[in-house]
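# Descriptive structure summary
Each chain, letter by letter, is given below.
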Amino acid sequence: MTIVDRFLDYVKFDTQSDELTNLTPSTPGQMIFAQHLEKELRRMGLEEISLDENGYLMASLPANTDKKVPTIGFIAHLDTSPDMSGRHVNPRIVEKYDGKPITLNEKDNIILSPEEFPELLHYVGQDLIVTDGTTLLGADDKAGIAEIISAIHYLQNHPEIKHGKIRIAFNPDEEIGLGAHKFDVERFGCDWAYTMDGGEIGELEYENFNAAVARITIKGRNVHPGYAKHKMVNSMRVASQFMQMLPRWETPEHTEGYEGFYHLVGIEGSVEQTVITYIIRDHDRDRFESRKREIEHLVNKLNTEFPDCCSSEIKDQYYNMREKIEPVIHIIDIAVQAMKEAGLTPKVQPIRGGTDGAQLSFKGLPCPNIFAGGLNFHGRYEFLPIPSMEKAMDVIVQIVRIVGER
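Residues numbered from 1 in each chain as written. Predicted model: local features only at pLDDT ≥ 70, side-chain atom pairs only at ≥ 80, totals over all residues. Heavy atoms only, no water.

Here we come to the overall build of the protein chain. Helix and strand counts for the protein chain come out as 10 helices and 17 strands. Taken against the 2.2 N^0.38 rule, which gives 22 Å for 406 residues, the C-alpha radius of gyration of the protein chain at 23 Å falls within 12% of a compact globule. Structurally, the protein chain occupies a C-alpha span of about 85 × 50 × 40 Å along its principal axes. Burial analysis of the protein chain (406 residues in total) assigns 55% to the buried set. On the protein chain, roughly 18600 Å² of surface is accessible, and the fraction owed to carbon and sulfur atoms is 48%. Each charge class in the protein chain was averaged separately, 43 positive and 63 negative side chains, and the resulting centres sit 3 Å apart. (Helix = DSSP H or I, 4+ residues; strand = E, 2+ residues; numbered from the N terminus. Rg over C-alpha atoms; globule rule 2.2 N^0.38 Å. Buried < 20%, exposed > 50% of the residue type's maximum accessible area, 1.4 Å probe, protein only. Areas by Shrake-Rupley, 256 points an atom, 1.4 Å probe, with all protein chains shown as cover. Lys, Arg positive; Asp, Glu negative; His and termini not counted. Charge placed at Lys NZ, Arg CZ, Asp CG, Glu CD.)

Right, let's get into the nonpolar core. One finds Phe7, Leu41, Phe74, Phe170, Ile370 and Ile399 to be the most contacted residues of the largest nonpolar core, which totals 84 residues. Looking at which element gives the most residues to this core, the answer is helix 10 (residues 386-405), with 11 residues. With residues near it in sequence (within four places) discarded, leucine 41 still touches Leu46, Ile49, Leu57, Ala59, Ile149, Ile168 and Phe170. Counting 20 residues, the second-largest nonpolar core is a separate cluster that includes Val233, Tyr262, Tyr278 and Phe288. (Core = buried A, V, L, I, M, F, W, Y, C linked by side-chain atoms within 4.5 Å. Contact = heavy atoms within 4.5 Å.)

Where helix 8 (residues 330-341) contacts helix 10, the two axes come as close as 8 Å, and the packing angle between them is 120°. Relative to helix 10, the element helix 8 lies oblique. For helix 8 against helix 10, the interelement crossing comes out right-handed. Here Ile334, Ala335, Gln337, Ala338, Met339 and Glu341 of helix 8 lie close against helix 10, whose contacting residues are Val395, Gln398, Ile399, Arg401, Ile402 and Val403. A breakdown of the residues in the contact of helix 8 with helix 10 according to their chemical character gives eight nonpolar, two polar and two charged. (Axes fitted to C-alpha atoms, helices over the stretch in contact; angles between N-to-C directions. Parallel < 35°, antiparallel > 145°, perpendicular 65-115°, else oblique. Left-handed = near helix turned anticlockwise from the far one by under 90°. Nonpolar A, V, L, I, M, F, W, Y, C, P; charged D, E, K, R; others polar.)

Turning our eyes to something else, we now look at unusual backbone geometry. With the exception of glycine, most residues fall at negative phi, and the peptide bonds are largely trans. Here the residue pair threonine 24 and proline 25 is connected by a cis peptide bond, since its omega of -5° sits within 30 degrees of zero. Relative to the helices and strands, proline 25 is located in the loop between helix 1 (3-10) and helix 2 (28-44). In this structure, aspartate 141 follows aspartate 140 across a cis peptide bond, with omega equal to 15°. Residue position: aspartate 141 is located in helix 3 (residues 139-157).

As structure tokens, this is what we get:
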């Protein structure tokens, strides 16, 4: 089975996660997919295969050398984003892309155009896997799974590449921030690992946002509007006032690189009560803490104008893994060398988001992130250049070879 065959097989499984179920995995499709992968790994003859009740699948390729070699791991996630349907994914291959707009869905006039997505032009002449315009594709992160399993299969067929024990793991619920929560780092038993969960070809990431979620609850007072003067407090209007007090330009649509932001992700309200939800992001820990204090400051400011109407709840979600990776920076050097030997120019850059690797790094498993090759994740315009997926597989093989030789 080729890497493309694997990927096209995997995207048939509906594995959207759901943050409202409070289950692990959060949706049954993820366990069904994990069971499918478990059978595939058993057919391949891997060892130490385990699938626990929470949907965490692990396996080993045993060492083929007597040398003392570190045990390294490769990780990808089972779920796809809840942002768009992952059911009945119907991918197709656009052969030798010609640089023109791609009609994804003629009936609904859904077009993947280089005018809106100029990165398409980086892949002229390559075969692309695209959607039919009604679902996401699932390259995030089924491309990563296909790359890991295909690399393991390649290593099985090339015993001349000497290596230590290689561990692989596929986990649920990364897209809702819970992928690492029940990941048994001790059972995984690696010196370090890599998540295959990045985007465009060549990406290598060991910095990510510090992240928190803030929920601001505003209590109002409802009075008949005809007799409301000096009596009514409309919680929705107070919420609007709060939103206007935050820095206008510090939002996702106005920031890039290392710039942090406040991102409004939810409003639910009436005159009596409104709840607004923000996510807070910044690469710098001090600025991150300052952003959280600013939320609390604005809440206190509103309470001076509308006594005791406003409260906040702020919860940290994850932290920048850089502080855990820098003491073992050789694992980045190895990935950089592997990319170069695969014929790539590494793009070492910060993640403007999170990754399971960040949480795993703070649980004691240093775990930077490597590209899986897809673009435009989480929506109908997602696409995957086939050569990028093949190169990601090659990078895994090169990492294994380099570690074995060192």
